[in-house]
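Here's the letter readout for the chains.
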Amino acid sequence: MSRRRTPALVATTLLTLGLAACSTDAAPATWSPAAEPSTTATPAAKVPRGRAPEQAFAVGVRQLTLNRDGDRPLPVTLWYPARGESGDTAKRSAPTAGGRFPVVVFSHGLSARPADYAALLTRWAAAGFVVAAPTFPNTSRGAAQVNPLDVLNQPADVSYVLTEVLALDGRAGDPLRGRLATDRVAAAGHSAGGVTTIGLFTLGRDERLDAGVVLAGTALGVGSAFAGTAAPQLFVHGELDEVVDYSAGRAAYDRVPWPKAMLSLPRGDHGRALLTDGASLRVVADTTVEFLRWSLYGDDTAKRRLPADAARGGLATLDNRL
């Protein structure tokens, strides 16, 4: 990735995202490109057809201590399918369940932390996915200096985290040794984490990724030209979003040249209706789980369940182009 600065682009990003609450002396971002790549997609490396696990797993949780380039600490929370009774969640260092599980890397929003999304991410782990969620050094709650501009450096952080997590599959003595489906990988994120996620399919394309889930995100700052091998995308956005306007999320979705779907919540805001436990969260969780089952396990029955999950209770609509 190039390290040229583009202050005008960054300023536009901040104004549009409503992230201008950072201090005026914040350091500029160090990652931005000279030009967007072509939108031409190479033939899709489609995940072979298969069946996702039908049972709900217990969920274990552990922490990794990572640091990119020695100056970007990236502690990672891992939620994973564990042995135990279904419904047992967040059991620290519980033994890993048998089998190989796809990996989803999740990026948190500005001034948030991975634990804020536990209600959603434990649902993914219980469905048979290993979820790796880094805490970013300059956009998380509790950071010494919160700098929204640093969002532009986060796609590289996620790629680094993905490399380190996938390496656990071959690491002697690690609880995840032999348990990761290293060729079945997705990226997901909320708000600024949604920006990060889009960046992984545009300017910072990571070709290891088979699918993406963007919650209340936009492409501003990371480019809108989706590139490389086709990777299905699911966008989720509240129509009453007061931070990232629904139209901005829709514009990014419209630029996706691959199989895609957009879950719209007519009464949804930026975060509460999407991520707090309740009826809307259940619709978001069920829809995202079925999308991941289809895109990472190759489960066509999950794909067929998507419209019904999205329409439950009249809380959402699904533009389905998968």
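Structure: above.
For the structure given in this document, a descriptive report is provided here. (Residues numbered from 1 in each chain as written. Predicted model: local features only at pLDDT ≥ 70, side-chain atom pairs only at ≥ 80, totals over all residues. Heavy atoms only, no water.)

## Some details on helix 8 (residues 300-311)
Okay, so step 1: Inspection of helix 8 places A302, L306, D309 and A310 among the buried residues, and these make up the whole buried set. The buried residues of helix 8 occupy an angular sector of 90° when projected down its axis, which confines them to one face. Residues of helix 8 that are exposed and point more than 90 degrees away from the buried face comprise R304 and A308.
Okay, so step 2: Contacts from the buried residues of helix 8 go to strand 13 (260-265), helix 7 (279-297) and strand 14 (317-321).
Okay, so step 3: Remark: G313 follows helix 8 within two positions and exhibits a positive phi of approximately 75°. (Buried < 20%, exposed > 50% of the residue type's maximum accessible area, 1.4 Å probe, protein only. Helix = DSSP H or I, 4+ residues; strand = E, 2+ residues; numbered from the N terminus. Arc of directions from axis to C-beta. Contact = heavy atoms within 4.5 Å.)

## Comments concerning the packing of helix 2 (residues 118-126) against helix 7
Okay, so step 1: Two elements in contact, helix 2 and helix 7, have axes separated by 10 Å at closest approach and are oriented at 35°. Relative to helix 7, helix 2 is oriented so that their crossing is right-handed. Here A119, L120, R123 and W124 of helix 2 come into contact with helix 7, specifically with L281, A285, D286, T288, V289 and L292. (Axes fitted to C-alpha atoms, helices over the stretch in contact; angles between N-to-C directions. Left-handed = near helix turned anticlockwise from the far one by under 90°.)

## Some thoughts on the packing of helix 3 (residues 154-167) against helix 4 (residues 192-199)
Okay, so step 1: Where helix 3 contacts helix 4, the two axes come as close as 8 Å, and the packing angle between them is 70°. Classified by the interaxial angle, the pair formed by helix 3 and helix 4 is roughly perpendicular. Residues Q154, P155 and V158 of helix 3 pack against A192, T196 and G199 of helix 4.
Okay, so step 2: Per-class residue counts for the contact of helix 3 with helix 4 are three nonpolar, three polar and no charged. (Parallel < 35°, antiparallel > 145°, perpendicular 65-115°, else oblique. Nonpolar A, V, L, I, M, F, W, Y, C, P; charged D, E, K, R; others polar.)

## Things to note about the sheet that holds strand 9 (residues 180-190)
Okay, so step 1: What the 10 strands build is an open sheet, ordered 6-2-5-8-7-9-10-12-13-14; its pairing is mixed. Each having just a single partner strand, strand 6 (91-92) and strand 14 make up the two edges of the open sheet.
Okay, so step 2: The sheet contact formed by strand 9 and strand 10 (residues 211-215) spans five bridges and is parallel. Opposite A187, over in strand 10, you have G212 as the bridge partner.
Okay, so step 3: This element, helix 4, spans strand 7 (101-107), strand 9, strand 10 and strand 12 (233-238) of the sheet and lies at about 135° to strand 9. (Pairing = 2+ DSSP bridges.)

## Quick word on the packing of aromatic side chains
Okay, so step 1: As enumerated under the stated definition, the model contains eight aromatic pairs in all.
Okay, so step 2: Where F57 meets F101, the ring centres are 5.4 Å apart and the plane angle is 85°; that geometry is what we call edge-to-face. Of this pair, F57 sits in the loop between strand 1 (41-42) and strand 2 (58-64) while F101 sits in strand 7, and the two are 44 residues apart along the sequence.
Okay, so step 3: For F57, a relative accessible area of 9% corresponds to the buried category.
Okay, so step 4: Among the residues examined, F101 registers a relative accessible area of 2% and is labelled buried.
Okay, so step 5: Over the ring of Y253 we find K260, and its NZ or CZ is 4.7 Å from the ring centre. (Phe/Tyr/Trp six-rings, centres within 6.5 Å; stacked < 30°, edge-to-face > 60°. Lys NZ or Arg CZ within 6 Å of the ring centre and 35° of its normal.)

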